[in-house]
Amino acid sequence: MPTFLHTADWQMGRTFSRFETEDGAALVEARFEAIEKLARLANEHQCDAVLVAGDVFDAQTVADRTIRRVFNATREFTGPWVMLPGNHDAALAESVWTRAKRLGAVPDNVHLALEPGVINLEPPGLAILCAPLTQRNTYSDLTEAFNNCDTADGLIRVGLAHGSVQGLLPDEIDSTNPILPNRAETARLDYLALGDWHGTKQIDERTWYSGTPEPERFRNNGAGYALVVNVPKPGELPKVTPLEIARYQWHQWRETLTVDSDLDQLLERLQVLPEPSVVDLRLEGSVTLAGEEKLINALSVAEARFRSIQCDRSGLQLEPTDDDIAALKADGYVGEVIEHLRTQQQDDNAEAARDALAILAGLLKDRKQEASE
């Protein structure tokens, strides 16, 4: 019963410039750790091979150090690895793959599928039918060649490709590099291992996207897994088992605050997230001065607890209540300024007015505390 690990879309060399330097570096490092975890899991599940269905690298121009580190991270699993070029690391005449070979970075047990054809792994009895991308975008189905690929009797036929299954993925996915939905059937494949869609997704009984092992964007599509695939014998249906790989969970929330309970529920949801979380918040609506203080304190705690939290409050208006203003003792001219800033939040300077209102409230609170002391 041949067993192999199906993974894809590592996109090594990817940077995370939208994050703080420390957080971006940690997210980069997590991707190398994901490869090391894949190697350990391949050993634990007694896999005969690891198949990488494209986009090992994020770009052709990644640093030499990144190339060496990628192949070093595979060392714990000494069985065969088959790596397929995808659209980010296509097998051009001069590519990241040719550079890796010149560097002498590719271990002997790593097979680079730089040309269409079949890679036979005997043992364990696997015939890997490979459809590498030799340019970033194509408009013909490269897996059509699988239909005419002959393999020896008794070998498990596994297709390895990178592209978009037509008609079954969300509309916004790139439509280049098309793949026929029933390719496994037409090419008599026991299993078709796909990359390009970054979440784990089953197309049919024999066709799967593994997704990226470490999420790299805010999309709720089942990223962070690899697949262990068992094929009992040629013609039988494969058994596919998802394995969780990801270190970090990515969460993107778009919230509208209207009443105090909305803020309370948001903060409760934040509290139950695991520490290795990457959180992106965008808040709209309104909040009282007391609620703003509670929110700022909660975000400060979350910044120390999570890997990263970013909060866009530009669409959140401060709406001081009568109790807020009374607590600040903001009467007379100061009260008029507060009311003016409340009104200004409705025009083009809304964010500046909100920030000014928050600063003024903070100053008044500090002054009140100093007076009491």
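Everything here concerns the structure above.
Residues numbered from 1 in each chain as written. Predicted model: local features only at pLDDT ≥ 70, side-chain atom pairs only at ≥ 80, totals over all residues. Heavy atoms only, no water.

Engineer: How would you sum up the overall build of the chain? Please name residues and give values.
Structural biologist: For the chain, the count of helices and strands is nine helices and 17 strands. Taking the intrachain contacts of the chain between residues at least 6 apart in sequence as the baseline, contacts between residues at least 24 apart amount to 71%. Summing over all exposed atoms, the chain offers an accessible surface of approximately 17,700 Å²; the carbon and sulfur share of this is 46%. (Helix = DSSP H or I, 4+ residues; strand = E, 2+ residues; numbered from the N terminus. Contact = heavy atoms within 4.5 Å. Areas by Shrake-Rupley, 256 points an atom, 1.4 Å probe, with all protein chains shown as cover.)

Engineer: Before we move on, can you summarise the packing of helix α1 (residues 21-44) against helix α2 (residues 64-72) with the specific residues and values?
Structural biologist: Between α1 and α2, the shortest axis-to-axis distance is 9 Å and the interhelical angle comes to 30 degrees. Our classification of the angle between α1 and α2 gives roughly parallel. For the pair α1 and α2, the contacting residues are Glu-29, Phe-32 and Ile-35 in the first and Thr-66, Arg-69 and Val-70 in the second. (Axes fitted to C-alpha atoms, helices over the stretch in contact; angles between N-to-C directions. Parallel < 35°, antiparallel > 145°, perpendicular 65-115°, else oblique.)

Engineer: Can you break down the pairing of strand β7 (residues 156-162) residue by residue, with the values?
Structural biologist: Counting buried residues along β7, seven of its seven residues qualify, which places the element largely inside the surrounding structure. Residues Ile-156, Val-158, Leu-160 and His-162 point to one face of β7 and Arg-157, Gly-159 and Ala-161 to the other, with burial holding for every one of them. By the bridge criterion, six bridges tie strand β6 (residues 126-131) to β7 in an arrangement that is parallel. When the sheet's bridge partners are listed, Leu-129 is paired in β7 with Gly-159. (Buried < 20%, exposed > 50% of the residue type's maximum accessible area, 1.4 Å probe, protein only. Pairing = 2+ DSSP bridges.)

Engineer: Report on the pattern of salt bridges, specifying residues and quantitative values.
Structural biologist: Under the defined criterion, the tally for this structure stands at 16 salt bridges. Between Glu-29 and Arg-69 there is a salt bridge whose closest N-O contact spans 2.7 Å. Pair noted here: Glu-29 is in helix α1 and Arg-69 is in helix α2, with a separation of 40 residues, a long-range link. Relative accessible area serves as the criterion here: at 23%, Arg-69 is assigned to the partly exposed category. What emerges from the salt-bridge pattern is a single network uniting Arg-18, Arg-254 and Asp-280. (Salt bridge = Lys/Arg side-chain N within 4 Å of Asp/Glu carboxyl O.)

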